[in-house]
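Structural overview
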Amino acid sequence: MGPMTIITQIEDTSDVVPTHVTLMTFDSIISLNNDAIVDTIGVIIRIEDIVDIVKPTKTLKLRDVVIADNTGIEITLTLWNEEASLFTGQIEDVLSVEKSKLVIYKKGKKLSVTHSTVIQINPNWPEKEVLKEWYKKEGRYQVDRMDLTQSSSIDNTTLNQSDNAYLTSVDDKVISQIIEDEKSTKRRLDEIYILQEQLQNEINELTFKKIRLNLERQAVENRIISRRQ
């Protein structure tokens, strides 16, 4: 996850059915390997509080959002930093997740956003209506059948040693990637700033050349006029 991650609230403004990636159902995610890239969609059934994870170099924010689909399975999606703070989804909203990463650990499987993940709240897709109808009629009574994550919620007030060990073992790889993405973004921004300065210097130089040429042309024209007189 990083600055390029996108979370958008979608309104139904058209009868046109848009195309999108092929979405995986939660029962098909079970067989995937660690670090698999997952595109999926589900109904939000629980939103955890934000947790601060203190690392040697910085503090990261984490928020778990639990979603379920009509296979009766639920799974946790982990949001990081700005995405965790600005998340506006509500219980029973439908959440589509493109290019999330599957993280496998001793307690089960979860999805984590990366710098390339795209999240939409209530996308204008046929699957949204199917999931909303399923959850309204029967889903709220089925989602306890299987929890793909199989992890308890995290207390926002304090993290004891076992919680810290759990987070460390589960998310260290993802956290390392987040930090590396942020470093890479900062380097790129620095490069862009340098290029902007170089471009501005070139513009200034060209402007001075234009002024000098205009002055030289005017001087030549004046000499020509003087000779004719």
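Residues numbered from 1 in each chain as written. Predicted model: local features only at pLDDT ≥ 70, side-chain atom pairs only at ≥ 80, totals over all residues. Heavy atoms only, no water.

On to the overall build of the chain. Secondary structure assignment for the chain yields four helices and nine strands. Within the chain, buried positions represent 37% of all 229 residues. The contacts of the chain with a sequence gap of at least 6 include a subset with a gap of at least 24, amounting to 69%. Element-wise, carbon and sulfur atoms account for 52% of the exposed surface of the chain, whose accessible area totals about 13,800 Å². (Helix = DSSP H or I, 4+ residues; strand = E, 2+ residues; numbered from the N terminus. Buried < 20%, exposed > 50% of the residue type's maximum accessible area, 1.4 Å probe, protein only. Contact = heavy atoms within 4.5 Å. Areas by Shrake-Rupley, 256 points an atom, 1.4 Å probe, with all protein chains shown as cover.)

This next bit is on the nonpolar core. Formed by 23 residues in total, the largest nonpolar core has its most connected members in Val65, Ile67, Leu77, Leu79, Phe87, Leu95 and Ile119. With five residues, the single largest contributor to this core is strand S5 (residues 73–80). With sequence-adjacent residues up to four places away left out, Leu95 is seen in contact with Thr40, Ile41, Gly42, Ile44, Val65, Ile67, Leu77, Phe87, Ile119, Gln120 and Ile121. Among the nonpolar cores identified, the runner-up in size contains 11 residues, and Leu23, Ile41, Ala68 and Val94 belong to it. (Core = buried A, V, L, I, M, F, W, Y, C linked by side-chain atoms within 4.5 Å.)

The next thing to look at is the confidence of the model for the chain. Of all residues in the chain, 73% have pLDDT values of 70 or greater, and the mean over the chain is 78. Counting contacts from residues 151–170, a segment whose pLDDT is below 50, to residues more than four positions away or on other chains yields 27 contacts. (pLDDT = per-residue confidence, 0-100.)

A word on the pairing of S5. Across the eight residues of S5, eight count as buried, placing the element largely inside the fold. Covered by surrounding structure in S5 are Ile73, Ile75, Leu77 and Leu79 together with Glu74, Thr76, Thr78 and Trp80, the residues of both alternating faces. Of the pairings in the sheet, the one linking strand S4 (residues 59–68) to S5 comprises seven bridges and is antiparallel in character. Looking at S5, one finds that Ala68 is bridged to Glu74. A loop of four residues connects S4 with S5, the two strands running antiparallel in sequence, and Gly72 in this loop sits at a positive phi of about 80°. (Pairing = 2+ DSSP bridges.)

With the rule as written, the count across this model stands at eight salt bridges. A salt bridge links Arg46 to Glu48; its shortest N-O distance comes to 3.0 Å. Among the charged side chains, a network of salt bridges with common partners joins Arg46, Glu48 and Glu74. (Salt bridge = Lys/Arg side-chain N within 4 Å of Asp/Glu carboxyl O.)

Structurally, Val21 is set in the loop between strand S1 (6–9) and helix H1 (26–29). On the accessibility criterion, Val21 (30% relative accessible area) is partly exposed. With sequence-adjacent residues up to four places away left out, Val21 is seen in contact with Asp39 and Glu98.

This paragraph deals with a nonpolar patch on the surface. Nonpolar side chains collect at one region of the surface, where Phe208, Ile211 and Leu215 lie side by side and expose about 340 Å² of accessible area between them. Looking at the element boundaries, Phe208 is found in helix H4 (residues 161–228). (Patch = residues over 30% accessible without salt bridge, like charges linked within 9 Å, V, L, I, M, F, W, Y side chains within 5 Å.)

Take the pairing of S4 next. Every other side chain in a regular strand lies on the same face of the sheet, so the side chains alternate between the two faces. Judged by how many residues are buried, S4 sits mostly within the fold: eight of 10 residues are covered. Taken together, the four bridges between strand S2 (residues 37–47) and S4 define a ladder with antiparallel strand orientation. When the sheet's bridge partners are listed, Arg46 is paired in S4 with Val66. Across four bridges, the pairing between strand S3 (residues 51–54) and S4 is antiparallel. Across the sheet, the residue bridging to Asp52 is Lys61, located in S4. What sits between the antiparallel neighbours S3 and S4 is a turn of four residues.

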